[in-house]
Amino acid sequence: MRTSSPAESKRRAGGAVDLLRLFPLRERERTFIERLPCAPHFPKAAMFHPYSDPIKIYVKLHRNSPILVCMDFKRAEKETVDPTYLWIGPNEKQLTGNYRINITETGKLMVKDFLEPLSGLYTCTLSYKTVRAETQEEKMVKQRYDFMIFAYREPDYSYQMAVRFTTKSCIGRYNDLLFRVLKKILDNLISDLSCHVIEPSYKCHVVKVPKNGLIPELFIAFQVNPFAPGWRGACKDSIDCEDITNHNILQARDRIEEFFRSQAYIFYHDFNKTLPAMHFVDHSFQVIRLDSCRPGFGKNEGLHSNCASCCVVCSPGTFSPDVDVTCQTCISVHIYGAKSCP
C-alpha cells in the first residue's frame, strides 16, 4: 500500500480549507454503529473432540485448519493399546495424506489451503484394544468423532454516510454546486486507497429549529466503497484481497472523519470568520458499516452462532449468486459454495 507523502497530506488539508470557505463546520459528531468483526480464533494447539455433538469448526479461506485429534480428552489421558485411525472426508471416501491433507501416525488431521469444496463432515473412527492383565483377553473398541468444517471469509466492508448542511434556499444552483464540490473533494481524499464515493444523493427540506425558526437544509447521503476502478492493483500478490480492501476502506472512513473534524477545528479557531449561509449542521455526521459477502458465501447467525459475523460458505441446498449477505434456498444444489441454482 502506498503511503501518502507530506505534499499529498498538505493538499488534502488544503482541500478542507477551501471547502470551509463555502460552508465551515462548527462541531465534530460521529456515530459509528459498527466494529470490526471478531472472527473465530482457533489456537495453534491440537483440538480434541468433546465427544458429544459434532463440533463446528470455521477455517478462513486459503488458511490451514487447526490440528484435529481423533480422540477425546478423557481417552487422551489414558493408555491406548494398538490404536488405528480412519478418517473419512466430505465425499465419504477415506482420506489419505497428500499435498493438502496431512494425517500423522497418531491420527491428527490438518487440511492445508482450505477451499469451499473442502467444507463438510469429517469423521474419524478410533479403534483400539483393551487387554485384561490377568487373562490377556483382548477386546476391540471403536469410537467415532465428527467434525463439521466450514470455509469462511471476512465480509467486504463499505460505509453509508450522511451529513446535513444549511442553505439559503431549497431553490437555486448553489445547492447542486455544494453537493458536487463535496463529492469531488471526498473522492480526491481517498482515491489513493482505491476507494470512491458512490450513490451520492441529496434532498432539501425545511427544518424547524428551536430559537431559529424555519431553516432550509440539505440532507446529503453517500456510500464509500473500496472497489474503485483499478482496485485489484492494490491486491498485489494477496490471495485474500478482502484483507487489503477492508484495511483501505477503514482508512478511507478515518480520513473522511478527520476531514470534517479538521474543518470544525479551523472554524473554532478563526473567530473573525463569519458563518456563511451554507454550513455544516451540528450533530449530523453519521456513519454505518454495511457488510456484503462474496458469491457462494453468506451470514446465518442461527446456523453459525460461533461465527455470526463471518461470511460462511453456503451449505448444500443453498446458494448465493451476488454480494448479498444471505444464502438462498435451492433444493437442487448438492455442493458447498454454490453461486447459482441449477
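Residues numbered from 1 in each chain as written. Predicted model: local features only at pLDDT ≥ 70, side-chain atom pairs only at ≥ 80, totals over all residues. Heavy atoms only, no water.

Enquirer: Is there a simple way to explain the overall build of the protein chain in this structure?
Expert: Assigned secondary structure in the protein chain consists of four helices and 16 strands. Out of the 342 residues in the protein chain, the part that is buried amounts to 43%. Looking at the protein chain alone, contacts between residues at least 24 apart form 67% of all its contacts between residues at least 6 apart. When the accessible surface of the protein chain is totalled, it reaches about 18,900 Å², and 54% of it is carbon and sulfur. (Helix = DSSP H or I, 4+ residues; strand = E, 2+ residues; numbered from the N terminus. Buried < 20%, exposed > 50% of the residue type's maximum accessible area, 1.4 Å probe, protein only. Contact = heavy atoms within 4.5 Å. Areas by Shrake-Rupley, 256 points an atom, 1.4 Å probe, with all protein chains shown as cover.)

Enquirer: Honestly, the state of the cysteines in this entry has me stumped. Any pointers?
Expert: Disulfides are covalent bonds that connect the sulfur atoms of two cysteines. This structure, assessed with the given rule, holds six disulfides. A disulfide bridge connects C307 with C310, and the sulfur atoms are separated by 2.0 Å. Handedness of the C307-C310 disulfide follows from its S-S torsion of about -90 degrees: it is left-handed. Put simply, C314 and C327 are joined by a disulfide, and their sulfur atoms are 2.0 Å apart. (Disulfide = S-S within 2.5 Å.)

Enquirer: I keep staring at the pairing of strand β2 (residues 55–60) and nothing clicks. Help me out?
Expert: Looking along a regular strand, one sees the side chains alternate between the two faces of the sheet. Across the six residues of β2, five count as buried, placing the element largely inside the fold. Here β2 runs beside strand β8 (residues 138–153); their pairing, made up of six bridges, is parallel. Across the sheet, the residue bridging to K60 is Y152, located in β8. (Pairing = 2+ DSSP bridges.)

Enquirer: Help me understand the confidence of the model for the protein chain in this model?
Expert: Parts of the model with low pLDDT should not have their predicted coordinates read in detail. For the protein chain, per-residue confidence averages 82 on the pLDDT scale, and 81% of positions sit at 70 or higher. Low pLDDT (under 50) marks residues 1–45, which in the prediction has 106 contacts with non-local residues, meaning those over four places away or in another chain. (pLDDT = per-residue confidence, 0-100.)

Enquirer: Teacher, can you tell me more about the side chain of D187 here?
Expert: Relative to the helices and strands, D187 resides in helix α3 (residues 173–190). At 2.8 Å, the side chain of D187 forms a polar contact with the backbone nitrogen of V197. Aside from chain neighbours lying at most four places away, what touches D187 is H196 and V197. (Polar contact = N/O pair within 3.5 Å; in protein donor to acceptor, adjacent residues only side chain to side chain.)

Enquirer: When you look at the nonpolar core in this model, what are you seeing that I'm missing?
Expert: Burial of nonpolar side chains together is a common tendency in soluble globular proteins. W87, L109, F114, Y122, F147, I149 and V312 are the most contacted members of the largest nonpolar core, which has 36 residues in total. Of all the secondary-structure elements, those providing two or more residues to this core are β2, β3 (68–72), β6 (109–111), β7 (120–131), β8 and β14 (311–313). In this structure, I149 is in contact with I57, V59, L68, F114, S119, G120 and Y122, ignoring residues within four places of it in sequence. L178, I185, F222 and L250 belong to the second largest nonpolar core, which has 29 residues in total. (Core = buried A, V, L, I, M, F, W, Y, C linked by side-chain atoms within 4.5 Å.)

Enquirer: In this structure, what is going on with the pattern of salt bridges? I would like to understand it.
Expert: A side chain with one charge can pair with a side chain of the opposite charge if their charged atoms come near. The tally for this structure, following the rule as stated, stands at 15 salt bridges. As a salt-bridge pair, R180 and D176 come within 2.9 Å of each other at their nearest N and O atoms. In this pair, R180 and D176 both sit in helix α3, four residues apart, roughly one turn of the helix. By relative accessible area, R180 is classed as partly exposed at 47%. Classification of D176 as partly exposed rests on a relative accessible area of 31%. (Salt bridge = Lys/Arg side-chain N within 4 Å of Asp/Glu carboxyl O.)

Enquirer: Help me out: how do you make sense of the sheet that holds strand β9 (residues 156–166) in this one?
Expert: Sheet strands associate in pairs through backbone hydrogen bonding, adopting either a parallel or an antiparallel arrangement. As summarised here, the arrangement of the four strands in space is β10-β11-β9-β12, forming an open sheet in which the pairing is antiparallel. Each edge of the sheet is formed by a strand with only one pairing partner; in this case those strands are β10 (196–209) and β12 (286–292). On average, each strand axis in the sheet is inclined to that of its neighbour by 20 degrees, with strand direction left out of account. Alignment of β10 against strand β11 (residues 213–225), held across twelve bridges, turns out to be antiparallel. Note that in β11 the partner of I198 across the bridge is Q223. Contacts between α3 and the sheet are confined to β9, β10 and β11, with β10 contributing the most and set at about 140 degrees to the helix. (Axes fitted to C-alpha atoms, helices over the stretch in contact; angles between N-to-C directions.)

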